[in-house]
Amino acid sequence: MITPNTESAERDARHKARMARKKALVDEKIAQARDEYGLLLVHSGNGKGKSSSAFGMVARALGHGLKVGVVQFIKGGMATGEEQFFRRFPDEVSYHVMGEGYTWDTQDRQRDIEKARQAWAAARQLLSDPQVALVVLDELNIALKHHYLDVDTVLRDIESRPELQHVVVTGRGAPPALIEAADTVTEMNLVKHAFKAGVKAQKGVEF
């Protein structure tokens, strides 16, 4: 007769065996992953979390004592919690808010182009500094999508960065050339958003 305790013990044993097999596979992949160099990561898609993920990486880098550079394209029309927080660490974080707001607010393409070019000049300085371990180019994809910047020029500058420097690019509509050049690409998919139910953007969640 199989008792609940016997069934539970058998399930536990099967679980342990599966996890042992999985651990062996994972350990083998870890052992094979020996390369180490600066990565290009792209966070795109219509879902929430692209910039939030990038700023989580900023916090992670700071935890390891690394220096970080941030350039925010497009954004700039309102203060954000991440800006106010990371500006508390001026020796570790070089923070540049270069936009003047979303395109539907600015409504001035030539002005947006000029601001994007100024932002890229700031980004280029960070991309040439070997002391900066992580560079976040927040909403760069939007500037590329609207052709405010030349994608080939952007990619050349990114590819010319110091060998161990990591770069994170965020924003909807990442161009195919950027996706092709990237080492890691994450697509944030929208399943449900409170804004569609009439909930306004709130501190600590959206900004």
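- An unreviewed UniProt entry lists the protein under the name Corrinoid adenosyltransferase, from Phytopseudomonas dryadis.
- UniProt's Sequence similarities (unreviewed entry) comment on the protein is quoted here verbatim: "Belongs to the Cob(I)alamin adenosyltransferase family."
- Under the UniProt heading Function (unreviewed entry), the note attached to the protein is "Required for both de novo synthesis of the corrin ring for the assimilation of exogenous corrinoids. Participates in the adenosylation of a variety of incomplete and complete corrinoids."

Quick look at the overall build of the protein
Okay, so step 1: Each helix and strand in the protein was counted, giving eight helices and six strands.
Okay, so step 2: Moving toward the C terminus, one meets the helices and strands of the protein in the order α-β-α-β-α-β-α-α-β-α-α-β-α-β.
Okay, so step 3: Expected size for 207 residues packed as a compact globule is a radius of gyration near 17 Å; at 21 Å, the protein overshoots this value by more than 25%.
Okay, so step 4: Taken along its principal axes, the extent of the C-alpha atoms in the protein is 80 × 45 × 35 Å.
Okay, so step 5: When each of the 207 residues of the protein is scored for burial, the buried share is 36%.
Okay, so step 6: For the protein, the proportion of contacts with a sequence separation of at least 24, taken over those separated by at least 6, is 79%.
Okay, so step 7: Entry remark: accessible area of the protein is about 13,200 Å², with carbon and sulfur atoms responsible for 52%.
Okay, so step 8: Averaged over its 29 positive side-chain charges, the protein has a centre that lies 6 Å from the centre of its 28 negative ones.

Topic: unusual backbone geometry
Okay, so step 1: The backbone of Glu139 shows a phi angle near 65°, a positive value even though the residue is not glycine.
Okay, so step 2: The residue Glu139 is located in the loop between strand E4 (132-138) and helix H6 (140-145) in this model.
Okay, so step 3: In this model, His147 sits at a positive phi of 60°, which is unusual for a non-glycine residue.
Okay, so step 4: With respect to the element layout, His147 can be found in the loop between H6 and helix H7 (151-159).

Describing H7
Okay, so step 1: All of the buried residues along H7 are Val154, Leu155, Asp157 and Ile158. Projected down its long axis, H7 shows its buried positions confined to an angular sector of 160°, all on one face.
Okay, so step 2: On its buried face, H7 sits against strand E1 (40-44), helix H5 (109-127), E4, H6 and helix H8 (176-181).

Topic: the packing of H5 against H7
Okay, so step 1: Look at H5 against H7: their axes get within 9 Å of each other, and the N-to-C directions meet at 20°. On the basis of the axis angle, H5 is roughly parallel to H7. Handedness of the crossing formed by H5 with H7: left-handed. Listed contacts from H7 to Trp120, Arg124 and Leu127 of H5 are Thr153, Val154, Asp157 and Ile158.

Comments concerning the side chain of Glu139
Okay, so step 1: Glu139 sits in the buried class, given a relative accessible area of 11%.
Okay, so step 2: With near-sequence residues (within four places) excluded, Glu139 lies in contact with Ser51, Phe73, Ile74, Lys75, Thr170 and Gly171.

Considerations on the pairing of strand E5 (residues 166-170)
Okay, so step 1: Where burial is concerned, most of E5 is hidden: four out of the five residues are buried.
Okay, so step 2: In terms of strand pairing, E1 meets E5 through four bridges, oriented parallel. Looking across to E5, one finds that Val42 is bridged to Val169.
Okay, so step 3: Relative to E5, E4 runs parallel, the two sharing four bridges. Bridging from a neighbouring strand, Leu137 pairs with Val169 of E5.

What counts and what doesn't
Residues numbered from 1 in each chain as written. Predicted model: local features only at pLDDT ≥ 70, side-chain atom pairs only at ≥ 80, totals over all residues. Heavy atoms only, no water. UniProt positions renumbered as here; feature names shortened; annotations may be inferred. Helix = DSSP H or I, 4+ residues; strand = E, 2+ residues; numbered from the N terminus. Rg over C-alpha atoms; globule rule 2.2 N^0.38 Å. Buried < 20%, exposed > 50% of the residue type's maximum accessible area, 1.4 Å probe, protein only. Contact = heavy atoms within 4.5 Å. Areas by Shrake-Rupley, 256 points an atom, 1.4 Å probe, with all protein chains shown as cover. Lys, Arg positive; Asp, Glu negative; His and termini not counted. Charge placed at Lys NZ, Arg CZ, Asp CG, Glu CD. Arc of directions from axis to C-beta. Axes fitted to C-alpha atoms, helices over the stretch in contact; angles between N-to-C directions. Parallel < 35°, antiparallel > 145°, perpendicular 65-115°, else oblique. Left-handed = near helix turned anticlockwise from the far one by under 90°. Pairing = 2+ DSSP bridges.

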